[in-house]
Amino acid sequence: MAYPCEYFQKSADFLKTRFDGAPEIAIVLGSCLGPFAQAIEDPVTVDYADIPNFLRTTVSSHAGTLIFGTVRGVRVVCMSGRFHSYEGYDFQQLVIPVRVLKLLGVRAVLLTNAAGAVNTAYRPGDVMVIADHIKLNGDSPLRGPNAEEFGPRFFDVSRMYTPELRRLALDCAEGGPLRVHEGVYMFFPGPQFETPAEIRAARILGADAVGMSTVTEALTAAHCRLPLLALSVMTNMAAGVLDRPLSDSEVDETARMIAGSFSEYVKTIIAAIHEALDTDRRATLNQEPVLTTDEYRF
Ligand code: HPA
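Everything quoted here is computed from the prediction, not taken from an experiment.

K.L.:
Please give an account of the site of the ligand that cites residues and values.
P.N.:
Inspection of the region around the ligand gives Ala 114, Ala 115, Gly 116, Phe 193, Glu 194, Val 210, Gly 211, Met 212, Thr 235, Asn 236, Leu 246 and Val 251 as its neighbouring residues. Here Ala 114 contributes a backbone N or O atom positioned 3.2 Å from a nitrogen atom of the ligand. A distance of 2.7 Å separates a nitrogen atom of the ligand from a polar side-chain atom of Asn 236. Calculation on the ligand without its partners gives an accessible area of 260 Å², and the protein chains cover 94% of this total. Residue assignment for the shell around the ligand shows that the elements contributing at least two residues are β5 (108-117), β8 (209-211) and β9 (228-237). Broken down by element, the residue count for the shell around the ligand peaks at 3 residues, all from β5. The residue makeup of the shell around the ligand, split by class, is 7 nonpolar, 4 polar and 1 charged.

K.L.:
Could you give an account of the pattern of salt bridges, naming the residues involved and the relevant values?
P.N.:
In total, this model carries 9 salt bridges according to the counting rule given. In this structure, Arg 72 and Glu 264 form a salt bridge, with 3.3 Å as the shortest nitrogen-oxygen distance. Here Glu 264 lies in helix α6 (residues 248-285) and Arg 72 lies in the loop between β3 (65-71) and β4 (74-80), a separation of 192 residues in the sequence. On the basis of relative accessibility, which here comes to 43%, the residue Arg 72 falls in the partly exposed class.

K.L.:
Outline helix α1 (residues 5-16), supporting the account with residue identities and numerical values.
P.N.:
For α1, spanning 12 residues, the distance from its first C-alpha to its last is 16 Å, which sits close to the expected 16 Å at 1.5 Å a residue. The complete set of buried residues in α1 reads Cys 5, Phe 8, Ser 11, Ala 12, Phe 14 and Leu 15. Where α1 is buried, its residues touch β2 (41-47), β3 and α2 (96-103).

K.L.:
Could you give an account of the environment of Phe 262, naming the residues involved and the relevant values?
P.N.:
Within the element layout of this structure, Phe 262 appears in helix α6. For Phe 262, a relative accessible area of 2% translates into the label buried. Taking C-alpha positions, Phe 262 is 8.5 Å from Val 127, a pair spaced 135 residues apart along the chain. Those residues within four positions of Phe 262 in sequence are excluded, and the remaining contacts are Leu 33, Thr 112, Val 127, Leu 178, Leu 231 and Val 233.

K.L.:
Can you explain the packing of aromatic side chains? Please cite residues and give values.
P.N.:
Applying the stated criterion to the full structure yields 10 aromatic pairs. Their ring planes at 80° and their centres at 6.1 Å tell us that Tyr 3 and Phe 8 sit as a pair that is edge-to-face. The pair formed by Tyr 3 and Phe 8 is uniform in burial state, with each residue classed as buried. One aromatic cluster is present, built from ring pairs that chain together Tyr 3, Tyr 7, Phe 8 and Phe 150. Its end group placed over the ring of Phe 150, Arg 99 keeps NZ or CZ at 4.5 Å from the ring centre. Note that Lys 135 overlies the ring of Phe 91, its terminal NZ or CZ placed 4.6 Å from the centroid.

Scoring rules and cut-offs
Residues numbered from 1 in each chain as written. Predicted model: local features only at pLDDT ≥ 70, side-chain atom pairs only at ≥ 80, totals over all residues. Heavy atoms only, no water. Near = heavy atom within 4 Å. Polar contact = N/O pair within 3.5 Å; in protein donor to acceptor, adjacent residues only side chain to side chain. Areas by Shrake-Rupley, 256 points an atom, 1.4 Å probe, with all protein chains shown as cover. Helix = DSSP H or I, 4+ residues; strand = E, 2+ residues; numbered from the N terminus. Nonpolar A, V, L, I, M, F, W, Y, C, P; charged D, E, K, R; others polar. Salt bridge = Lys/Arg side-chain N within 4 Å of Asp/Glu carboxyl O. Buried < 20%, exposed > 50% of the residue type's maximum accessible area, 1.4 Å probe, protein only. Expected span 1.5 Å × (residues − 1). Contact = heavy atoms within 4.5 Å. Phe/Tyr/Trp six-rings, centres within 6.5 Å; stacked < 30°, edge-to-face > 60°. Lys NZ or Arg CZ within 6 Å of the ring centre and 35° of its normal.

Interpretation note: all reported values are geometric properties and have no functional meaning in isolation.
So, in structure tokens, the structure goes:
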């Protein structure tokens, strides 16, 4: 089922009673990447369960709270805990969070996730800036009647992972402790990890990493033309790369190991996006946009 604009507006109106002023950047934290939430200053926390028309997290490694606050002086809203199709949600329900964030007035979205490395040059603990994705499984989250207020029925996705933000994320990694690549993310619906044959197929198709999230949120952001950056943390080598079974404890352990440096990296990126948006605002006044930003329908 697809929802009209008023459906999302109800959640946004409720949230606007909980904090002052619009957040500038939204961050969605992936599995086990929750520790970043502790970096948010002056936090105001709202449980998903209290937000009308919102979804509920069902995965223990996802907290289930929306946190408003600041990071390096930048106003942010952070989803600590996200929603996946493997929890039983329809793809169309998975548009809800990003549309609510859009109605809150955010100017850019940063998605994070835990992923399995398909590219054998990658190692657990590496980060991949998503350049593009492959989604051959399941519906589009935009299937059904189109909510024109957010964007057109048919829309371009060839630059959905905003090139300027990808460049910015790679620049922010320079001199830091993380190995950061740029690559292609392939969506698998889960909840089972992939088979070794699926991973070999993914590699032939051009994937560098696989995971069970992110693409629905990314497509929703692209539809309403929100500048978008997505980062995958390689928590494990994908199925069949090493001769041993995968487990969620391996995923948890790697995520815990890099939590500190990943949080620092995300903080640096937030400050840089803020700067880029600001530069863009100034440049736009001179008719020279630096960052492809939305046309602000709302
Ligand atoms: N496959 C899918 N999703 C994942 C993986 C994986 O190997 N690791 C973390 N999330």
